Amino acid sequence: MPRYEYRCRSCGSTFEMNRPMRESGDPARCPDGHDDTVKLLSTVSVAGRAGQPAAAGGCCGGSCGC
């Protein structure tokens, strides 16, 4: 199940919730009980095996030499 990060506009706390993707945009109550929350944009980083550099690519995957 995906984990989503939210921020409470009332108290400023940041918290995470595990919930199905179909519920990711539903309102989330912060741990202090406030309802005025916003889902934060998270980035995902995926790399190769440990110890190996990630492939570099430029604007078109490396074929243009940039």
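Coordinates for the structure precede this section.
Residues numbered from 1 in each chain as written. Predicted model: local features only at pLDDT ≥ 70, side-chain atom pairs only at ≥ 80, totals over all residues. Heavy atoms only, no water.

(A) Main features of the packing of aromatic side chains. Under the criterion given, the structure shown has one aromatic pair. Ring centres of Tyr 6 and Phe 15 lie 5.7 Å apart, and the angle between their planes is 20°; this geometry places the pair in the stacked category. (Phe/Tyr/Trp six-rings, centres within 6.5 Å; stacked < 30°, edge-to-face > 60°.)

(B) Structural context of the pairing of strand S2 (residues 14-18). Across five bridges, strand S1 (residues 3-8) lies against S2 in antiparallel orientation. Bridged to Tyr 4 within S2 is Met 17. From the end of S1 to the start of S2, which pair antiparallel, there are five residues, and Gly 12 there has a positive phi angle of about 85°. (Pairing = 2+ DSSP bridges. Helix = DSSP H or I, 4+ residues; strand = E, 2+ residues; numbered from the N terminus.)

(C) Representation of the nonpolar core. Tyr 4, Tyr 6, Cys 8, Phe 15, Ala 28 and Cys 30 form the largest nonpolar core, which has six residues in total. Among the elements that line this core, the one with the most residues is S1, at three residues. (Core = buried A, V, L, I, M, F, W, Y, C linked by side-chain atoms within 4.5 Å. Buried < 20%, exposed > 50% of the residue type's maximum accessible area, 1.4 Å probe, protein only.)

(D) The arrangement of the sheet that holds S2 in detail. Taken in spatial order, the three strands of this open sheet run S2-S1-S3, and their pairing is antiparallel. Here the strands that pair on one side only, and so sit at the sheet edges, are S2 and strand S3 (37-39). Across the sheet, the axes of successive neighbouring strands diverge by a mean angle of 35°, strand direction being ignored. (Axes fitted to C-alpha atoms, helices over the stretch in contact; angles between N-to-C directions.)

(E) Representation of the side chain of Arg 19 in the model. Relative to the assigned elements, Arg 19 resides in the loop between S2 and S3. Of the side chains with opposite charge, Glu 23 comes closest to the buried, unpaired Arg 19, at an N-O distance of 4.4 Å. A distance of 3.5 Å separates a polar side-chain atom of Arg 19 from the backbone oxygen of Pro 27. The contacts of Arg 19, once residues within four sequence positions are left out, are Met 1, Pro 2, Tyr 4, Tyr 6, Ser 24, Asp 26, Pro 27 and Ala 28. (Lys, Arg positive; Asp, Glu negative; His and termini not counted. Salt bridge = Lys/Arg side-chain N within 4 Å of Asp/Glu carboxyl O. Polar contact = N/O pair within 3.5 Å; in protein donor to acceptor, adjacent residues only side chain to side chain. Contact = heavy atoms within 4.5 Å.)

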